[in-house]
Every structure is written in structure tokens, then in C-alpha cells.
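Structural description and commentary
Next come the chains, spelled out residue by residue.
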Amino acid sequence: MKLIDSSERLKILFLVSDQLWDDLISGELQEEEYTVKIDEIRLEMRKEINSSFLDLQNIASKIGYILTKKQKAFGLINSYVIARN
Amino acid sequence: MIQEQNRLSTQQSQINLGKRKTLIQKWATILVLLSCILPFLNNILKNFFDTESVLLLNNPYTKKLDLDTAIFFFSMPISYAFIAIGGLFGAHKKSYYAVFISCYFQVALTTNYLFISKGKAFIYTEICIAILFIIVAVIYFLAQKYYKDLEIMIEFLNKTIDRYSQIIRKNTQKNEVDR
């Protein structure tokens, strides 16, 4: 099981928060849900944990998104966030 | 009206402080890069005109002073000041690698100058100097990770505060309209 750097973990949670804001603007989310979910992400970002990609996928599935990992050539990775409602 | 925000609008090694302060950050990086070139300025000017002929001190009481050596002696404290100013006002973090490279070349050239009677320095001294600088660069690279995390957190918290304030403003406008 490979562990992820702390900076990459923060970047992925940052992308999830941006996705939540985009959904609020488009109208899929309500404001009450948005505030609750942003607080969860904020408390997760404060932790100083060396976690794996599975842990981040579980966090995203609780919030309502699917996290995937797309691997480019020479080992470069881009992580995506998909909505699931 | 809700406005959309950019995703990670700044580079990873600089904090987003607004439009006015990016100018200062640009000048800070330029100063740090200038401090790399200043110690070699005397070698560059040697090609254009003969600096060793321009004598600043020509007394029988003291040693002679060329323009060549004067530029070299003045470049040291000026480069220190530029690097300090660059650190204060938020220069780009990767520009300091150029400082390491210029320092390595300066140290290597002075050690070779000490062995000028022999022609060139011993191999072991050159290897030791290279290893020292590599260790310092590795330590700097590892310490930079800590500051990268802090900057991401700062940007996230600033964005969430902006978004919460927009939501509150929208709700208060709704309540005022209803009255």
C-alpha cells in the first residue's frame, strides 16, 4: 500500500472543495449541505496523517463523489472528481 | 451575484496577496537572480575594456587597487542585501537554487586559485565541496515541503471565507427583499 504525500492529499481535498462550490452555483446542492460538507473537508485537511488513496476515496464517497486516478506516461498522475447523485 | 473563483491561481511557492504585491514579488526575484551574477561581474567586464588598468588607489603608502578587485569586494555585501530583501518580500522559492549554483562555482574557483602554483586543486577537495552543496540543497528541498502545505491551507481558508460571505450576503438580501 503506497502512501501519498501530504501536499498531494491537500491538493486533492482542495479540488473536492472546488467541485462542491461549482455544484452549489449550478444548483445541484443546497446551502445547508454545502456548509456541512465543507466543514468536514476543513477538519480533514487539518490532520497531519500519511494516508493512502483509498482513504481519500472513502472520504469523497461519504461526501458524494467518486475519486479516480488517471495515469499518464512516465508515471505522471492526474486525479479527477466525479459527481454522483 | 455569485462570482466564480480560479483554481489554484498562484504558483505553488508563492502566496496570493493581491495585484499590488505581485509587483514586489517580481522585483524580489529579479534581485535574487542579480545577486547570483554580481560576483562574476568583473570577469564579464574584462572582455569589454581593460579594468586592471584603471587604478583607484595609486599611493606609495598602500597597495594598489584595481577596478577589477573593487567590483569584486563590493559585490559581496550587495548580494547579501539583495538575497535578504528577496526573502522578506516573497521571491520565488525556486530562484534560490541559482544562488546555490553560483556559490558552488565561487567556492570551486577560489580553491583552484589557492592551488595556482600546482595548476589545479586535488580531486578530493573538489568532491568534498560538491558533496557539501548537494547536502544543503537536499535539506532545502525537504524543508520546502512544510511550507508548501501551509500555503495550500492558507489559500483554501481564504477561499472558504470569501464563499461563506457571499452566501451570507445573498441570504441577507433575500431577507431584506421579503420585508
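This structure is a prediction, so every number in the text was calculated from the model and none was measured.

Turning next to the pattern of salt bridges. Residues and elements named next belong to chain A. As enumerated under the stated definition, the model contains six salt bridges over all chains in all. For Glu44, the salt bridge goes to Arg9, with nearest N and O atoms at 3.4 Å. Pair noted here: Glu44 is in helix H2 (residues 31-46) and Arg9 is in helix H1 (residues 6-26), with a separation of 35 residues, a long-range link. On the basis of relative accessibility, which here comes to 19%, the residue Glu44 falls in the buried class. A salt bridge links Arg42 to Asp39; the nearest nitrogen and oxygen atoms lie 3.5 Å apart. Of this pair, Arg42 and Asp39 both sit in helix H2, three residues apart, which is roughly one turn of the helix. Exposure remark for Asp39: the relative accessible area of 31% places this residue in the partly exposed category. Taken together, the shared-partner salt bridges in this structure form one network comprising Arg9, Glu44 and Lys47.

All names here are of chain B. Counted according to the given criterion, the structure contains zero disulfides over all chains. Its sulfur unpaired, Cys103 is 7.6 Å from the next cysteine sulfur, which belongs to Cys36. On the accessibility criterion, Cys103 (30% relative accessible area) is partly exposed.

All right, on to the interface of chain B and chain A then. Taken together, the contacts link 21 residues of chain B with 23 residues of chain A. Both faces considered, chain B and chain A share a buried interface measuring about 2,000 Å² in area, 67% of it formed by carbon and sulfur atoms. Put simply, chain B and chain A have two salt bridges between them. Between Lys170 of chain B and Glu31 of chain A there is a salt bridge, and its shortest N-O distance comes to 3.3 Å.

Residue and element names in this part refer to chain B. For the structure on display, the rule yields eight aromatic pairs over all chains. A centroid spacing of 5.9 Å and a plane angle of 70° characterise the contact between Phe100 and Tyr140, whose relative ring orientation is edge-to-face. One end of the pair, Phe100, is in helix H4 (residues 96-114); the other, Tyr140, is in helix H5 (residues 123-178), and 40 residues separate them in sequence. Judged by relative accessible area, which is 23%, Tyr140 ranks as partly exposed.

Reading the values: the criteria
Residues numbered from 1 in each chain as written. Chains lettered and ligands numbered in written order. Predicted model: local features only at pLDDT ≥ 70, side-chain atom pairs only at ≥ 80, totals over all residues. Heavy atoms only, no water. Salt bridge = Lys/Arg side-chain N within 4 Å of Asp/Glu carboxyl O. Helix = DSSP H or I, 4+ residues; strand = E, 2+ residues; numbered from the N terminus. Buried < 20%, exposed > 50% of the residue type's maximum accessible area, 1.4 Å probe, protein only. Disulfide = S-S within 2.5 Å. Contact = heavy atoms within 4.5 Å. Buried area = accessible area lost by both parts, 1.4 Å probe. Phe/Tyr/Trp six-rings, centres within 6.5 Å; stacked < 30°, edge-to-face > 60°.

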